Amino acid sequence: MSTATAGTEGVRLAQLRLDFGVSDATVMRSLRRNGYTEIDIFYRGMTKARVRACKNGVRYQMEVAPSGRIKSAGKIGECRVRITLGEARDILRKRGYREIHLEQMPDDAYRGAACRGRDRMRMSVSPFGDVRELQPLGRCRHLLTRQEVAARLRSRGYNRIDFADRPPPPFIAKACRKRDRVRLVVVGSGRIQREERIGKCAPPIDPRRIADVLERKGFTRVRVTDDVLPRYGAEACKKGIRFEIALNRFGDIRDRREIGRCPTSLSRDQLADKLRAEGFRRIRFVESGPRGHVVEACQGDERLRIEFSPYGETLFDRVLGPCKSPRIGKLIDDFKKRGTTGVTLYLEGCRNGRRVQVEFDRFGTALNARRLGRCP
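It should be emphasised that the depicted structure is a prediction, and the values quoted were computed from it without experimental measurement. (Residues numbered from 1 in each chain as written. Predicted model: local features only at pLDDT ≥ 70, side-chain atom pairs only at ≥ 80, totals over all residues. Heavy atoms only, no water.)

Draft legend 1. Geometry of helix H2 (residues 24-33). Most of H2 sits inside the fold, with seven of its 10 residues counted as buried. Along H2, the residues that are buried comprise Asp24, Ala25, Thr26, Val27, Met28, Ser30 and Leu31. One or two positions beyond H2, positive phi appears at glycine 35, with a value near 90 degrees. (Buried < 20%, exposed > 50% of the residue type's maximum accessible area, 1.4 Å probe, protein only. Helix = DSSP H or I, 4+ residues; strand = E, 2+ residues; numbered from the N terminus.)

Pasting the structure below:
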């Protein structure tokens, strides 16, 4: 196999693994709800994921169950502390910038513009306070850009801002403020010259309806990864491609990027093969259907009952008990303790096309055998 082919195959396998076993969406949602950031999923298994993440400046390594339950968390180091929007502005002021207009982006960085001396620069401040000048915009106190005007309007409580497709000045925009839809005329310096109400704005979406919002936009197999503001996150499929999506509080898509292909559903045989590859044995399918599979299998010394989605994602798992077969004598004794008398053990199987039944005593010795008919 060539190097290029091997590399392509590795990417394909990695993308498939992302959608199999413990769901990334469950892990991300659970950790974010518990205040963790900088989440790195470095192992994805059938019944657990191993993760490194930060909280309050401390970096932890932990395991996460398919239910999202966090276990075995231990400190492994320190993390850089993320800054707020106000702290980002303070950093720029201390460096001599003024007329600072920043807004938080979906990647948690802060971007906008600021003046230093007579020059106006497009700025970026990372979530950890690293400052970059991206490009010059011209002289200060000259005509603002649409991005700068939008940032100023947001700082005044406007949202869902749409500019008219015409060159400024003035800037013509439609926006929402509280529940009112308004039309704005904004001069080149950013001052609002005129405002008129033109209708109503829909309220923010209920985070429990994120999946419904994306399904109305044509996406399928939606998994919500972040239901806490300042922005919502989800993964979803459209035309066979899987996307990572960022939405604002009103359900508008603010960022979207491809993260792989959407896997097809797995047959029983395919799921069994993957379980064996993960080290499972004595695999038994309890249920299989359009809604997924329920499997009982052994891993190590434990026998597990696992519920899978049609695509092999672990939805639920629990330990049934030890994964050891009881001895014949113990089986007989257990039945006797339950009040059963005259216990006899039989084994049925096929031999030379004939179905036979063999009787055993408590020590595993075959006592009698008789034919039952032909094997199907």
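Draft legend 2. Representation of the confidence of the model for the protein chain in the model. Mean pLDDT over the protein chain works out to 82, with 86% of the residues at or above the 70 mark. Segment residues 1-19: pLDDT under 50, and 18 contacts once partners within four positions in sequence are set aside and those in other chains are kept. (pLDDT = per-residue confidence, 0-100. Contact = heavy atoms within 4.5 Å.)

Draft legend 3. Molecular detail of the pairing of strand S6 (residues 98-104). Judged from the five bridges that link them, S6 and strand S7 (residues 110-116) form a sheet pairing that is antiparallel. By the bridge assignment, histidine 101 is partnered in S7 with alanine 113. If you look at the hairpin formed by S6 and S7, you'll find five residues sitting between the two strands, and aspartate 108 has a positive phi there, around 75 degrees. (Pairing = 2+ DSSP bridges.)

Draft legend 4. Looking closely at the pattern of salt bridges. Using the criterion set out here, one finds 26 salt bridges in the structure. The partner of aspartate 130 in a salt bridge is arginine 80, and the shortest N-O contact between them spans 3.4 Å. Separated by 50 residues along the polypeptide, aspartate 130 in the loop between strand S8 (119-125) and strand S9 (131-139) and arginine 80 in the loop between strand S5 (70-78) and helix H3 (85-94) bring together distant segments of the chain. A relative accessible area of 41% places aspartate 130 in the partly exposed class. Linking glutamate 148 and arginine 120 is a salt bridge whose minimum nitrogen-to-oxygen distance equals 2.4 Å. One end of the pair, glutamate 148, is in helix H4 (residues 146-155); the other, arginine 120, is in strand S8, and 28 residues separate them in sequence. Here glutamate 148 falls in the buried class, since its relative accessible area comes to 3%. (Salt bridge = Lys/Arg side-chain N within 4 Å of Asp/Glu carboxyl O.)

Draft legend 5. Highlighting the pairing of S8. Extensive coverage of S8 is indicated by the burial of six of its seven residues. Connecting the antiparallel pair S7 and S8 is a turn made up of two residues, with glycine 117 showing a positive phi of about 65 degrees. Bridge count for S8 against S9 is seven bridges, and the pairing is antiparallel. Considered in S9, the bridge of serine 124 is made with arginine 132. As consecutive antiparallel partners, S8 and S9 are separated by five residues, and within that stretch glycine 129 has a phi angle of approximately 95 degrees, a positive value.

Draft legend 6. Main features of the sheet that holds strand S15 (residues 232-238). Reading across the sheet, the four strands line up as S14-S15-S16-S17 and stay open at both edges, with antiparallel pairing between neighbours. Looking at the sheet topology across the chains shown, the edges are occupied by strand S14 (220-226) and strand S17 (253-261). If you compare each strand with its neighbour and ignore which way they point, the axes differ by 25 degrees on average. Alignment of S15 against strand S16 (residues 241-247), held across seven bridges, turns out to be antiparallel. Bridging across to S16, glutamate 235 finds its partner in glutamate 244. (Axes fitted to C-alpha atoms, helices over the stretch in contact; angles between N-to-C directions.)

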